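Here is how the chains run, residue by residue.
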Amino acid sequence: MHKFYMKEALIEAETALSKGEVPIGAVIVFNGEIIARAHNLKEERKDPTAHAEILAIQQATAKLNNWRLNGSTIYVTIEPCPMCAGALVQARVDRLVLGAWDAKAGAAGSLVNLVQFSQFNHRMEVIGGVMEEECRRMMQRFFEKLR
């Protein structure tokens, strides 16, 4: 089940890669249905907040007409940064499934763990390493082209 949705997130990451964006993709699942899908658009939008997770949250809240995403799961190819982790907590997402961990900027357990911080009023389950190699390779391809 997790692989199916992570493959959908990878499709989004591939779209980002084709646009010259950092290849990160995300999908949000609610009641077994994908209700949002997004990829990084920072360069296209000239917006530092246009991360895949933020854009997916915006789509999902619009679809459900509610800022609370209780009962939802987000699948994201790379561990969320602090901004995105904070947004996931604020949106009350129940579960985060990630592909590759990010030792430099990850905020779901690698560098810091904002999504399970005990003093916040909401914490989520984290499942890491789903299709990790595929997710990591996509990022490596992107950064190799930049060098």
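The structure this text deals with has already been given above.
Treat the numbers as computed from the prediction; the structure is a model and nothing was measured.

1. Notes on the environment of leucine 10
For step 1, the next point in the chain: With respect to the element layout, leucine 10 can be found in helix α1 (residues 2-18).
For step 2, the next point in the chain: Relative accessible area serves as the criterion here: at 12%, leucine 10 is assigned to the buried category.
For step 3, the next point in the chain: Sequence separation between leucine 10 and tyrosine 75 is 65 residues, and the spatial gap between their C-alpha atoms is 9.5 Å.
For step 4, the next point in the chain: Beyond its immediate chain neighbours, meaning those up to four positions away, leucine 10 contacts Thr77, Met131, Glu134, Cys135 and Met138.

2. Points about the pairing of strand β1 (residues 25-30)
For step 1, the next point in the chain: Taking burial as the measure, the six residues of β1 include five buried ones, the bulk of the element.
For step 2, the next point in the chain: A loop of two residues connects β1 with strand β2 (residues 33-39), the two strands running antiparallel in sequence, and asparagine 31 in this loop sits at a positive phi of about 50°.
For step 3, the next point in the chain: Sheet topology places β1 next to strand β3 (residues 72-78); five bridges connect them, and they run antiparallel. Of the residues in β3, the one forming a bridge with phenylalanine 30 is serine 72.

3. Quick word on the sheet that holds strand β4 (residues 95-100)
For step 1, the next point in the chain: Ordered by their spatial adjacency, five strands build an open sheet running β2-β1-β3-β4-β5, and the pairing between neighbours is mixed. The strands lining the two open edges of the sheet, one partner per strand, are β2 and β5 (125-127). Strand after strand, the sheet turns through a mean of 15° between neighbouring axes, direction not considered.
For step 2, the next point in the chain: With six bridges connecting them, β1 and β2 associate as antiparallel partners. Bridge pairing in β2 links valine 29 to isoleucine 34.

4. Observations regarding the packing of aromatic side chains
For step 1, the next point in the chain: Tallied over the entire structure, the rule returns four aromatic pairs.
For step 2, the next point in the chain: One aromatic cluster in this structure is built from Phe4, Tyr5 and Tyr75.

5. Observations concerning the side chain of glutamate 53
For step 1, the next point in the chain: With respect to the helices and strands, the residue glutamate 53 is situated in helix α3 (residues 52-64).
For step 2, the next point in the chain: One buried charged side chain, glutamate 53, makes no salt bridge at all; its nearest oppositely charged neighbour is lysine 42, positioned 10 Å away.
For step 3, the next point in the chain: Once you skip the residues sitting within four places of it in the chain, glutamate 53 turns out to touch Ala26, Ile74, Val76, Ile78, Pro80 and Cys84.

Parameters and conventions
- Residues numbered from 1 in each chain as written.
- Predicted model: local features only at pLDDT ≥ 70, side-chain atom pairs only at ≥ 80, totals over all residues.
- Heavy atoms only, no water.
- Helix = DSSP H or I, 4+ residues; strand = E, 2+ residues; numbered from the N terminus.
- Buried < 20%, exposed > 50% of the residue type's maximum accessible area, 1.4 Å probe, protein only.
- Contact = heavy atoms within 4.5 Å.
- Pairing = 2+ DSSP bridges.
- Axes fitted to C-alpha atoms, helices over the stretch in contact; angles between N-to-C directions.
- Phe/Tyr/Trp six-rings, centres within 6.5 Å; stacked < 30°, edge-to-face > 60°.
- Lys, Arg positive; Asp, Glu negative; His and termini not counted.
- Salt bridge = Lys/Arg side-chain N within 4 Å of Asp/Glu carboxyl O.

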